[in-house]
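Examining the three-dimensional arrangement
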Amino acid sequence: MAAGALRSFVQMCRYLQQPRHVARFQHLCGVQGTFSDQASTRQGEPSGADCPGLRQRGRSPDPSLGNGLAGDAPLANGTEGDETSRPETTRAKPLRRNSLTGDVGQEFLIHNKFLFYLFTLGTELGNEMFFIIFFPFLHWNLDALVSRRLIVVWAWNLFVGQSTKDMVRWSRPDSPPVVKVEVFYNSEYSMPSTHAMTGTAIPFCVFMLTYGRWEYPFILGLCVALSWSVLVCVSRVYMGMHSVLEVITGFLFSLLILAVFHQVLDKIDNFYMMDSYAPLVTIFTHVSLGLVAFSLDSWSTSRGDTAQGLGTAVGVALGSHVNYQLGLLSDPPASSLPLTFPSITASLVLCSVLRFCIGVAVLLLTRMVMKALTIPFLCRLFRLPTDDVRQARQRMEVELPYRYIVYSVVGFSCVCVVPLLFMILNLA
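Counting starts from 1 at the beginning of each chain's written sequence and moves along it residue by residue. Given that this is a predicted model, residues contribute local features only at a pLDDT of at least 70 and side-chain atom pairs are listed and counted only at 80 or more, while totals for whole chains, interfaces and linings are drawn from all residues. Only hydrogens and water are set aside when side-chain values are computed; all heavy atoms of the structure are taken into account.

A separate point is the pattern of salt bridges. Between Lys or Arg on one side and Asp or Glu on the other, a salt bridge is scored when a side-chain nitrogen of the former is within 4 Å of a carboxyl oxygen of the latter. Applying the stated criterion to the full structure yields 9 salt bridges. Here Arg149 ties to Asp266 by a salt bridge, and the two come within 2.8 Å at their closest N and O atoms. Of this pair, Arg149 sits in helix α6 (residues 144-168) while Asp266 sits in helix α10 (residues 265-274), and the two are 117 residues apart along the sequence. In this structure Asp266 comes out as partly exposed when scored by relative accessible area, which is 40%. A salt bridge links Glu399 to Arg403; the shortest N-O distance between them is 3.7 Å. With Glu399 and Arg403 both in helix α15 (residues 396-424), this residue pair falls 4 residues apart, about one helical turn. One salt-bridge network, in which partners are shared between bridges, spans Arg148, Arg149, Asp266 and Asp269. Put simply, DSSP H or I for four residues or longer makes a helix, DSSP E for two residues or longer makes a strand, and each gets a number counted from the N terminus. For the exposure calls, accessible area comes from a 1.4 Å probe over protein chains only, and a residue counts as buried if that area is under 20% of its type's maximum, exposed if over 50%, partly exposed in between.

Here it is, written out as C-alpha cells:
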C-alpha cells in the first residue's frame, strides 16, 4: 500500500511538472508566443521538463527554440503575424534584460493587458528593487523590530531555496510550448521557485510578527498575506519561469521554514543585538553559507542573489548590534503593546515621504559608490582584467566578496546610518 501511494505521488509530481500546464495557463491568460514552424513541429516531441533532470545552464538545443522569433514568423497555432492588428493585442518583449547573461528574450503577443500588468506586479514583489523599497520603508516608517526579523527569514529563504535549486538542478519549463515572458532568471535552475518562497515568507511572516503587536482584524491580515502570496506564485507560472509543481513546492517549503524560524526569531534578534560575540558569529556563519552555495555548481544569477541576501542580513545584524550598544534602538516598550495605527495627517505623510525618499537615495548612492569601488579593487587584487566587468563578476573570487561587501554596507546603512541622519535632520 505504501509503495502504491508513493508511486501515485511520483506520478502526480511528474504530471504537475509538465510544461504543457504552464503553456495552457498562459494561453488562458492571453499570452501567445511567436514560435517558428520548426519550433511548432517539435512541440509534440518529448520534453526534457516532462522528465526533469540534470542539464547545463543556459543551453538550448536549437537557436530557433527560444521564446519565439521576432518579425512575421508564423505563430505556433497556425495564425500569421497580423494578430497584432487586433486592437486588444500588443507585441511585447521581456521587460528586464540580464546584463550578465546577455539574454534579452524574444517577442510574444499579449491579448489581455490587465493580467499582464497584474502578474508583472506580482513577479516584481520578489525582485531586488522591491526589497530595496519595502524593507527600508517598513524599518523607517512602521516597525523596526518587524523589519529586522523579517530580513532574517527572507535571507534564509533565499539561501535554502537557491541552494536547493543547485542541488536538484531541474531545468526551466521548455520553450516551446511555454512562452518566456521573463528571462532575467532564465540561467538559474528552477526547483523550487524562490519567488514563491519569498512571496510567501514575507507576507505571512509580517502577519505573524504584527498580529497581536499591532491592532487590526485577524481576517484582514490573513487575506492580505494570502492574496500577496497567491499573486506572486501564480505570476511565476504566467511568466513561464516555473512549473506548477515548482511553485507549490516553493510555497510549502517557505511555510516549513516559517514554522521553524517563528519559534526562534526572538532569540536570534536578541542575540544579534546583545551578545558581544554576535558580530563575529554572524559574519562567520553567513560567509560560510555563501561559500557553500558558491561551490555547488557553475555560475548563475542564483549565486549573486544568495550572497546578496546573506550580505544584507549581515549588515542589518551588525547595524542592530551597534544601535543597541549605543542606546539608539527605537523599539517601543512592551507596556505600549498592542500598537495602534496613528491617524493619517498631512504632516505624518510628508514626514514619511521625506524619510523614505532621503533614505532610499542614501542607500542607492551607497550601493553605487560601493560597487564602483569594490569591483575594480577585487579585480586588481586577484589580477583580473578590469575591461570586462561582466566576466569578472561571474568569478567567485570577485562576486562573493563584492556582493557581501556592497550589500552588508547597504544593510548597515539602512538600520544604523540612515536613522542617525534622520535624527540630525529632525525627521526621526
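Here the focus is the sheet that holds strand β3 (residues 108-110). Paired strands, as defined in this entry, are two strands with at least two bridges between them according to DSSP. The 3 strands are arranged β1-β3-β2 in an open sheet whose pairing can be described as antiparallel. In this open sheet, the two strands that pair with only one neighbour each are β1 (31-33) and β2 (90-92). When the angles between neighbouring strand axes are averaged without regard to direction, this sheet yields 30°. With axes taken as lines fitted to C-alpha atoms, and helix axes fitted only over the stretch in contact, angles between N-to-C directions fall between 0 and 180 degrees.

Glancing now at the packing of aromatic side chains. Any two aromatic rings considered together are summarised by their centre-to-centre distance and by the angle between their planes. Put simply, two rings from Phe, Tyr or Trp (the six-membered ring, in Trp's case) pair if the centres are within 6.5 Å, and we call them stacked under 30 degrees between planes, edge-to-face over 60, tilted for the rest. In this structure the tally under the stated criterion is 22 aromatic pairs. Ring-pair connections join several aromatic residues into one group, and the members of that group are Phe130, Phe131, Phe134, Phe135, Trp154 and Trp228.

Running from amino to carboxyl end, helix α13 (residues 346-381) crosses α15 at an angle of 150°, the nearest separation of the two axes being 9 Å. Put simply, α13 runs roughly antiparallel to α15. α13 and α15 meet at a crossing whose hand is right-handed. Ten residue types, Ala, Val, Leu, Ile, Met, Phe, Trp, Tyr, Cys and Pro, are classed as nonpolar, four, Asp, Glu, Lys and Arg, as charged, and the remainder, Gly among them, as polar. For the contact of α13 with α15, the residue count by class is 18 nonpolar, 4 polar and 3 charged. Each angle is binned into one of four classes, with values under 35 degrees roughly parallel, values over 145 roughly antiparallel, values of 65 to 115 roughly perpendicular, and all other values oblique. For any pair of crossing helices, the crossing counts as left-handed if the nearer helix is rotated counterclockwise from the farther one by less than a right angle, and right-handed if it is rotated clockwise.

Attention shifts here to the nonpolar core. Within the largest apolar cluster, 62 residues are counted, with the highest numbers of intra-cluster contacts made by Phe134, Phe135, Leu150, Trp154, Val181, Ile202 and Tyr238. Non-local contacts of Tyr238, meaning those with residues more than four positions away in its chain, are made with Phe25, Gln26, Cys29, Val31, Ile110, Asn112, Leu115, Phe116, Phe119 and Val181. With 10 residues, the next largest nonpolar core counts Met370, Leu384, Ala392 and Val406 among its residues. Nine residue types can take part in a nonpolar core, namely buried Ala, Val, Leu, Ile, Met, Phe, Trp, Tyr and Cys, and a core is a set of them joined through side-chain atoms within 4.5 Å. The criterion used for residue contact is that any of the two residues' heavy atoms lie within 4.5 Å.

What follows covers the confidence of the model for the chain. For the chain, the mean per-residue pLDDT works out to 83, and 84% of the residues sit at or above 70. Confidence scores differ between elements of the chain, with helix α3 (residues 37-41) showing the lowest mean pLDDT of 48 and helix α8 (residues 218-238) the highest of 95. Per-residue confidence from the predictor is reported as pLDDT, a score between 0 and 100. Overall, residues 40-51 carries pLDDT values under 50, and its contacts beyond four positions in sequence, including any with other chains, amount to 21 contacts. Here residues 53-81 scores under 50 on pLDDT; set against residues more than four positions off or in separate chains, the count is 78 contacts.

Our next topic: the packing of α6 against helix α9 (residues 244-261). Across the interface, α6 lies against α9 with an axial gap of 10 Å and an inter-helix angle of 135°. Overall, the two elements α6 and α9 adopt an arrangement that is oblique. Handedness of the α6/α9 crossing: right-handed. In contact with Val152, Val153, Trp156, Asn157, Val160 and Thr164 of α6, α9 contributes Phe253, Ser254, Ile257, Leu258 and Phe261.

It is worth spelling out the environment of Ile202 at this point. Looking at the secondary structure, you find Ile202 in helix α7 (residues 194-210). Considering only alpha carbons, one finds Ile202 and Ala225, 23 residues apart in sequence, at a separation of 8.4 Å. Residue contacts for Ile202: discarding those within four places in its chain leaves Phe131, Phe134, Phe135, Leu150, Trp154 and Trp228.

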